[in-house]
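Each chain, letter by letter, is given below.
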Amino acid sequence: MKNLKQDLELLYEFQKYDIRIYNLREKINKISLEIEDKKRALELKNRRTGLSARKENFINLNSLRNEKETLLDSKEKKINKCLKELNIVKSNDIYKALSSEIEKAKEYKNVLENEILELMEKIDREYAVIKTNENELKEIEQKIENEMCEIKSFTKKLEKEINEIEKEREEQKLKVNKTILSQYERLRDGGRNEKAIYVIDGESCGGCGILLRPQLINQVQKYHELVFCDNCSRILLKK
Ligand SMILES: [Zn+2]
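Residues numbered from 1 in each chain as written. Predicted model: local features only at pLDDT ≥ 70, side-chain atom pairs only at ≥ 80, totals over all residues. Heavy atoms only, no water.

Participant: Tell me about the overall build of the protein, and name the residues and values.
Facilitator: A tally of regular secondary structure across the protein gives 5 helices and 2 strands. N-terminal to C-terminal, the α/β element order of the protein is α-α-α-α-β-α-β. Its C-alpha atoms give the protein principal-axis dimensions of about 135 × 35 × 25 Å. Within the protein, the proportion of its 239 residues that are buried is 30%. In the protein, the proportion of contacts linking residues at least 24 apart, taken out of those at least 6 apart, comes to 72%. Summed over its atoms, the accessible surface of the protein is roughly 16300 Å², and 49% of this surface lies on carbon and sulfur atoms. Taken as two groups, the 50 positive and 46 negative side-chain charges of the protein have centres that lie 2 Å from each other. (Helix = DSSP H or I, 4+ residues; strand = E, 2+ residues; numbered from the N terminus. Buried < 20%, exposed > 50% of the residue type's maximum accessible area, 1.4 Å probe, protein only. Contact = heavy atoms within 4.5 Å. Areas by Shrake-Rupley, 256 points an atom, 1.4 Å probe, with all protein chains shown as cover. Lys, Arg positive; Asp, Glu negative; His and termini not counted. Charge placed at Lys NZ, Arg CZ, Asp CG, Glu CD.)

Participant: A description of the coordination of the zinc ion should follow, citing residues and the corresponding values.
Facilitator: Around the zinc ion, the protein supplies Cys205 (SG), Cys208 (SG), Cys229 (SG) and Cys232 (SG) as donor atoms, at distances of 2.3 Å. Classification of the site at the zinc ion rests on its 4 donor atoms, whose angles at the metal span 106 to 116 degrees, yielding the label tetrahedral. Mapped onto the polypeptide sequence, the residues donating to the zinc ion form the spacing pattern C-x2-C-x20-C-x2-C. Relative accessible area serves as the criterion here: at 3%, Cys229 is assigned to the buried category. Note on Cys232: relative accessible area 18%, which makes it buried. (Donors = N, O, S within 2.8 Å, 3.2 Å for Na, K, Ca; no water. Tetrahedral: all angles 85-135°; square planar, octahedral: opposite > 155°, others 65-115°.)

Participant: So what's going on with the packing of helix 1 (residues 4–49) against helix 4 (residues 178–188)? Residues and values would help.
Facilitator: The geometry of helix 1 relative to helix 4 is characterised by a closest axis approach of 11 Å and an angle of 40 degrees between their N-to-C directions. Put simply, helix 1 runs oblique to helix 4. When the axes of helix 1 and helix 4 are compared, the crossing they make is right-handed. Of the residues in helix 4, those in contact with Leu4, Asp7, Leu8, Leu11, Phe14, Gln15 and Asp18 of helix 1 are Ile180, Leu181, Tyr184 and Arg188. Looking at the contact of helix 1 with helix 4, its residues break down into 7 nonpolar, 1 polar and 3 charged. (Axes fitted to C-alpha atoms, helices over the stretch in contact; angles between N-to-C directions. Parallel < 35°, antiparallel > 145°, perpendicular 65-115°, else oblique. Left-handed = near helix turned anticlockwise from the far one by under 90°. Nonpolar A, V, L, I, M, F, W, Y, C, P; charged D, E, K, R; others polar.)

Participant: Give a description of the domain arrangement of the protein that names residues and reports values.
Facilitator: In terms of domains, the protein is made up of domain 1 (30–159) and domain 2 (196–237). Summarising the inter-unit geometry, the C-alpha centres of domain 1 and domain 2 are found 76 Å apart. (Domains from an automatic or database assignment.)

This is how it looks when you write it as C-alpha coordinates:
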(Lines give C-alpha, C1' and ligand atoms only; values in the text may rest on other atoms or scores of the structure.)
Protein backbone atom coordinates (compact mmCIF):
# COMPACT_ATOMS: atom_id res chain seq x y z
CA MET A 1 0.00 0.00 0.00
CA LYS A 2 1.20 3.44 -0.90
CA ASN A 3 1.95 5.75 2.00
CA LEU A 4 0.86 3.16 4.52
CA LYS A 5 2.89 4.76 7.28
CA GLN A 6 1.15 8.06 6.76
CA ASP A 7 -2.24 6.37 6.54
CA LEU A 8 -1.66 4.53 9.79
CA GLU A 9 -0.50 7.67 11.52
CA LEU A 10 -3.66 9.42 10.34
CA LEU A 11 -5.71 6.49 11.60
CA TYR A 12 -3.92 6.66 14.93
CA GLU A 13 -4.82 10.35 15.23
CA PHE A 14 -8.36 9.56 14.12
CA GLN A 15 -8.66 6.98 16.86
CA LYS A 16 -8.05 9.72 19.43
CA TYR A 17 -11.41 11.27 18.54
CA ASP A 18 -13.16 7.98 19.17
CA ILE A 19 -11.41 7.57 22.49
CA ARG A 20 -12.37 11.07 23.57
CA ILE A 21 -15.98 10.55 22.52
CA TYR A 22 -16.08 7.22 24.30
CA ASN A 23 -14.69 8.69 27.51
CA LEU A 24 -17.15 11.59 27.46
CA ARG A 25 -20.05 9.20 26.91
CA GLU A 26 -18.85 7.10 29.82
CA LYS A 27 -18.77 10.21 31.96
CA ILE A 28 -22.36 10.99 31.00
CA ASN A 29 -23.40 7.41 31.82
CA LYS A 30 -21.74 7.63 35.20
CA ILE A 31 -23.49 10.90 35.89
CA SER A 32 -26.91 9.48 35.01
CA LEU A 33 -26.22 6.62 37.43
CA GLU A 34 -25.41 9.21 40.08
CA ILE A 35 -28.77 10.86 39.47
CA GLU A 36 -30.52 7.52 39.91
CA ASP A 37 -28.60 6.97 43.16
CA LYS A 38 -29.70 10.32 44.49
CA LYS A 39 -33.32 9.63 43.66
CA ARG A 40 -33.11 6.30 45.41
CA ALA A 41 -31.48 7.89 48.45
CA LEU A 42 -34.34 10.35 48.71
CA GLU A 43 -36.93 7.60 48.49
CA LEU A 44 -35.10 5.64 51.16
CA LYS A 45 -34.93 8.66 53.43
CA ASN A 46 -38.63 9.15 52.87
CA ARG A 47 -39.38 5.59 53.87
CA ARG A 48 -37.07 5.71 56.88
CA THR A 49 -38.80 8.68 58.44
CA GLY A 50 -42.06 6.72 58.06
CA LEU A 51 -43.75 9.99 57.28
CA SER A 52 -46.81 8.52 55.59
CA ALA A 53 -47.42 6.16 58.53
CA ARG A 54 -47.05 9.09 60.91
CA LYS A 55 -49.50 11.18 58.93
CA GLU A 56 -52.00 8.34 59.00
CA ASN A 57 -51.55 8.02 62.73
CA PHE A 58 -52.04 11.78 63.06
CA ILE A 59 -55.35 11.58 61.22
CA ASN A 60 -56.46 8.66 63.40
CA LEU A 61 -55.60 10.54 66.58
CA ASN A 62 -57.62 13.52 65.40
CA SER A 63 -60.70 11.46 64.58
CA LEU A 64 -60.42 9.74 67.95
CA ARG A 65 -60.33 13.15 69.57
CA ASN A 66 -63.43 14.19 67.59
CA GLU A 67 -65.25 11.07 68.71
CA LYS A 68 -64.42 11.74 72.34
CA GLU A 69 -65.41 15.38 72.04
CA THR A 70 -68.79 14.38 70.61
CA LEU A 71 -69.23 11.95 73.46
CA LEU A 72 -68.24 14.62 75.96
CA ASP A 73 -70.76 16.97 74.42
CA SER A 74 -73.54 14.41 74.79
CA LYS A 75 -72.53 13.78 78.42
CA GLU A 76 -72.69 17.51 79.14
CA LYS A 77 -76.12 17.71 77.57
CA LYS A 78 -77.26 14.76 79.62
CA ILE A 79 -75.98 16.33 82.85
CA ASN A 80 -77.80 19.58 82.07
CA LYS A 81 -80.97 17.71 81.29
CA CYS A 82 -80.76 15.76 84.56
CA LEU A 83 -80.04 18.95 86.52
CA LYS A 84 -83.18 20.56 85.08
CA GLU A 85 -85.22 17.48 85.98
CA LEU A 86 -83.72 17.52 89.45
CA ASN A 87 -85.26 20.95 90.07
CA ILE A 88 -88.79 19.85 89.33
CA VAL A 89 -88.74 16.32 90.68
CA LYS A 90 -91.02 15.52 93.65
CA SER A 91 -90.22 11.92 94.46
CA ASN A 92 -87.24 11.22 96.67
CA ASP A 93 -86.33 7.98 94.84
CA ILE A 94 -86.27 9.66 91.46
CA TYR A 95 -84.23 12.50 92.95
CA LYS A 96 -81.67 9.99 94.22
CA ALA A 97 -81.61 8.12 90.94
CA LEU A 98 -81.11 11.35 89.02
CA SER A 99 -78.37 12.48 91.38
CA SER A 100 -76.48 9.25 90.98
CA GLU A 101 -76.89 9.44 87.21
CA ILE A 102 -75.47 12.98 87.28
CA GLU A 103 -72.54 11.78 89.40
CA LYS A 104 -71.79 8.93 87.01
CA ALA A 105 -72.03 11.22 84.01
CA LYS A 106 -69.71 13.72 85.71
CA GLU A 107 -67.18 11.00 86.44
CA TYR A 108 -67.31 9.82 82.86
CA LYS A 109 -67.00 13.43 81.71
CA ASN A 110 -63.84 13.79 83.80
CA VAL A 111 -62.34 10.67 82.30
CA LEU A 112 -63.19 11.92 78.81
CA GLU A 113 -61.71 15.34 79.49
CA ASN A 114 -58.47 13.78 80.67
CA GLU A 115 -58.35 11.48 77.67
CA ILE A 116 -58.96 14.39 75.31
CA LEU A 117 -56.21 16.40 76.99
CA GLU A 118 -53.78 13.51 76.60
CA LEU A 119 -54.80 13.11 72.99
CA MET A 120 -54.29 16.79 72.32
CA GLU A 121 -50.79 16.63 73.74
CA LYS A 122 -50.06 13.57 71.64
CA ILE A 123 -51.45 15.31 68.55
CA ASP A 124 -49.29 18.36 69.19
CA ARG A 125 -46.20 16.22 69.57
CA GLU A 126 -46.98 14.24 66.42
CA TYR A 127 -47.61 17.45 64.51
CA ALA A 128 -44.22 18.81 65.56
CA VAL A 129 -42.44 15.60 64.53
CA ILE A 130 -44.24 15.53 61.17
CA LYS A 131 -43.39 19.15 60.47
CA THR A 132 -39.73 18.59 61.37
CA ASN A 133 -39.55 15.53 59.14
CA GLU A 134 -41.31 17.31 56.32
CA ASN A 135 -38.95 20.26 56.51
CA GLU A 136 -35.96 17.97 56.66
CA LEU A 137 -37.15 16.07 53.59
CA LYS A 138 -37.94 19.28 51.77
CA GLU A 139 -34.42 20.52 52.45
CA ILE A 140 -32.89 17.29 51.17
CA GLU A 141 -35.18 17.36 48.15
CA GLN A 142 -34.15 20.90 47.36
CA LYS A 143 -30.50 20.00 47.72
CA ILE A 144 -30.87 17.01 45.42
CA GLU A 145 -32.82 19.08 42.92
CA ASN A 146 -30.06 21.67 42.86
CA GLU A 147 -27.44 18.99 42.41
CA MET A 148 -29.43 17.44 39.59
CA CYS A 149 -29.73 20.83 37.92
CA GLU A 150 -25.97 21.22 38.05
CA ILE A 151 -25.46 17.69 36.80
CA LYS A 152 -27.86 18.23 33.93
CA SER A 153 -26.17 21.39 32.78
CA PHE A 154 -22.80 19.65 33.06
CA THR A 155 -24.16 16.78 30.95
CA LYS A 156 -25.32 19.28 28.36
CA LYS A 157 -21.84 20.75 28.27
CA LEU A 158 -20.37 17.29 27.75
CA GLU A 159 -22.86 16.56 24.98
CA LYS A 160 -21.93 19.78 23.25
CA GLU A 161 -18.30 18.79 23.54
CA ILE A 162 -19.09 15.41 21.98
CA ASN A 163 -20.87 17.13 19.10
CA GLU A 164 -17.86 19.29 18.42
CA ILE A 165 -15.50 16.33 18.53
CA GLU A 166 -17.83 14.39 16.22
CA LYS A 167 -17.71 17.21 13.70
CA GLU A 168 -13.90 17.23 13.77
CA ARG A 169 -13.96 13.44 13.59
CA GLU A 170 -16.01 13.51 10.40
CA GLU A 171 -13.51 15.89 8.82
CA GLN A 172 -10.59 13.75 9.88
CA LYS A 173 -12.37 10.64 8.64
CA LEU A 174 -12.23 11.92 5.06
CA LYS A 175 -8.44 11.86 5.23
CA VAL A 176 -8.20 8.24 6.34
CA ASN A 177 -7.77 5.48 3.78
CA LYS A 178 -11.16 3.77 3.35
CA THR A 179 -9.89 0.18 3.39
CA ILE A 180 -7.92 0.77 6.56
CA LEU A 181 -10.88 2.60 8.07
CA SER A 182 -13.21 -0.33 7.53
CA GLN A 183 -10.65 -2.65 9.18
CA TYR A 184 -10.43 -0.22 12.03
CA GLU A 185 -14.18 -0.05 12.50
CA ARG A 186 -14.50 -3.81 12.45
CA LEU A 187 -11.81 -4.10 15.12
CA ARG A 188 -13.36 -1.46 17.33
CA ASP A 189 -16.38 -3.66 17.64
CA GLY A 190 -19.23 -1.20 17.59
CA GLY A 191 -17.59 1.67 19.37
CA ARG A 192 -16.75 0.16 22.71
CA ASN A 193 -13.55 1.44 24.19
CA GLU A 194 -11.68 -1.13 22.17
CA LYS A 195 -8.77 0.52 20.47
CA ALA A 196 -8.00 -0.86 17.04
CA ILE A 197 -4.51 0.47 16.49
CA TYR A 198 -1.61 0.49 18.91
CA VAL A 199 1.86 1.92 18.80
CA ILE A 200 4.57 -0.63 19.51
CA ASP A 201 6.04 0.13 22.91
CA GLY A 202 9.71 -0.89 22.76
CA GLU A 203 9.33 -4.46 21.62
CA SER A 204 5.87 -5.02 23.02
CA CYS A 205 2.37 -4.49 21.74
CA GLY A 206 1.10 -1.17 23.15
CA GLY A 207 -2.28 -2.78 23.69
CA CYS A 208 -1.94 -6.20 25.26
CA GLY A 209 1.69 -5.82 26.25
CA ILE A 210 2.86 -9.09 24.72
CA LEU A 211 6.48 -9.25 23.54
CA LEU A 212 6.37 -9.11 19.75
CA ARG A 213 8.45 -11.25 17.40
CA PRO A 214 11.34 -9.20 15.87
CA GLN A 215 10.16 -10.40 12.48
CA LEU A 216 6.74 -8.92 13.11
CA ILE A 217 8.25 -5.59 14.16
CA ASN A 218 10.32 -5.60 10.96
CA GLN A 219 7.21 -6.25 8.98
CA VAL A 220 5.50 -3.27 10.63
CA GLN A 221 8.42 -1.01 9.85
CA LYS A 222 8.39 -1.97 6.21
CA TYR A 223 4.86 -0.62 5.81
CA HIS A 224 3.96 -2.92 2.96
CA GLU A 225 0.79 -4.20 4.51
CA LEU A 226 -1.27 -4.00 7.68
CA VAL A 227 0.36 -5.99 10.48
CA PHE A 228 -1.63 -7.26 13.44
CA CYS A 229 -0.55 -8.28 16.93
CA ASP A 230 -0.40 -12.08 17.24
CA ASN A 231 -2.15 -11.89 20.56
CA CYS A 232 -4.80 -9.13 20.49
CA SER A 233 -5.14 -8.84 16.70
CA ARG A 234 -4.91 -5.04 16.78
CA ILE A 235 -3.20 -3.07 14.01
CA LEU A 236 0.37 -2.25 14.92
CA LEU A 237 2.20 1.00 14.26
CA LYS A 238 5.83 1.85 14.98
CA LYS A 239 6.69 5.46 15.73
ZN1 LIG B 1 -1.45 -7.03 21.29
